[in-house]
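# Reading the structure
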Amino acid sequence: MSAPGSEVAHTEPVPQLPSAGRLRAAVRQPSNWMELVRFGAVGASGYVVNLGVFAAAVHAGGIDYRIAAVLAFFVAVANNFFWNRHWTFDARDGHAGFQAARFFVVSVGAFLVSLAVLELMVVVADAPEVLAQAVAIVVATPFNFVGNKLWSFRR
């Protein structure tokens with residue numbers, strides 16, 4: 001038996017959010033898909049750079065995995081900013097300093113997501129550190145793309 005007044009008939013259509021139309025239009029643009037492919041290629045290079053620096057720092061340098069993650073993050077961010085600015089979003093005409101600051105803010109946000117995943121996987125799931133870092137980067141990637149597309153390199 002339901003509570004009185006809880007059976008309300010919804011006869012009016014649910015209003016569309018203004019951003020839903022923009023999202024549909026954006027998905028239909030081939031140039032956006034090409035940006036995503038280029039972002040993925042740059043991300044793959046950053047992924048390799050990140051994991052290489054991380055593994056070298058942890059295994060060859062004996063550095064704690066959390067500090068190694070921060071070091072790897074900075075090296076990969078420099079790599080990714082250059083390639084995303086010059087190739088993915090072709091944003092060379094914008095002010096590099098502003099773009100770099102925004103890119104760094106977005107990257108720090110994505111890094112915090114990846115660091116949380118890394119910590120959970122290493123501490124809670126007892127996963128190997130390099131494997132945990134690899135998964136953490138993948139989890140954070142969508143946040144990174146959306147933030148950079150909509151804010152760092154917007155036209």
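Source: prediction; values computed, not measured.

## Looking at helix H2 (residues 30-60)
- For H2, spanning 31 residues, the distance from its first C-alpha to its last is 44 Å, which sits close to the expected 45 Å at 1.5 Å a residue.
- Listed in full, the buried residues belonging to H2 are Asn32, Glu35, Phe39, Val42, Gly46, Asn50, Leu51, Phe54, Ala57 and Val58.

## Here's the deal with the confidence of the model for the chain
- Per-residue pLDDT for the chain has a mean of 85; in total, 83% of the residues score no lower than 70.
- Confidence, expressed as mean pLDDT per element, reaches its minimum in the chain at helix H1 (residues 18-27) with 65 and its maximum at helix H4 (residues 96-124) with 94.

## Some thoughts on the layout of surface pockets
- Volume-wise, the second largest pocket comes out at about 400 Å³.
- If you go around the second largest pocket, you meet 25 residues; those closest to its centre are Asn50, Asn80, Ile137, Thr141 and Asn144.
- Among the secondary structure elements, those contributing two or more residues to the lining of the second largest pocket are H2, helix H3 (65-88), H4 and helix H5 (129-152).
- Considering each element in turn, the lining of the second largest pocket owes the most residues, 8 residues, to H2.
- Its residues placed into classes, the lining of the second largest pocket shows 14 nonpolar, 11 polar and no charged.

## Notes on the packing of H2 against H3
- It is the contact of H2 with H3, at a shortest axis distance of 8 Å, that shows an interaxial angle of 155°. One finds that H2 runs roughly antiparallel with respect to H3. Along this stretch, H2 crosses H3, giving a crossing that reads as right-handed.
- Residues of the contact of H2 with H3, tallied by class, amount to 18 nonpolar, 7 polar and 2 charged.

Scoring rules and cut-offs
Residues numbered from 1 in each chain as written. Predicted model: local features only at pLDDT ≥ 70, side-chain atom pairs only at ≥ 80, totals over all residues. Heavy atoms only, no water. Helix = DSSP H or I, 4+ residues; strand = E, 2+ residues; numbered from the N terminus. Expected span 1.5 Å × (residues − 1). Buried < 20%, exposed > 50% of the residue type's maximum accessible area, 1.4 Å probe, protein only. pLDDT = per-residue confidence, 0-100. 1 Å grid on protein atoms, 1.4 Å probe; cavity = no way out; pocket = protein on both sides within 12 Å on 5 of 7 lines; lining within 4 Å. Points joined across faces, edges and corners; volume = space filled by probe spheres on them. Nonpolar A, V, L, I, M, F, W, Y, C, P; charged D, E, K, R; others polar. Axes fitted to C-alpha atoms, helices over the stretch in contact; angles between N-to-C directions. Parallel < 35°, antiparallel > 145°, perpendicular 65-115°, else oblique. Left-handed = near helix turned anticlockwise from the far one by under 90°.

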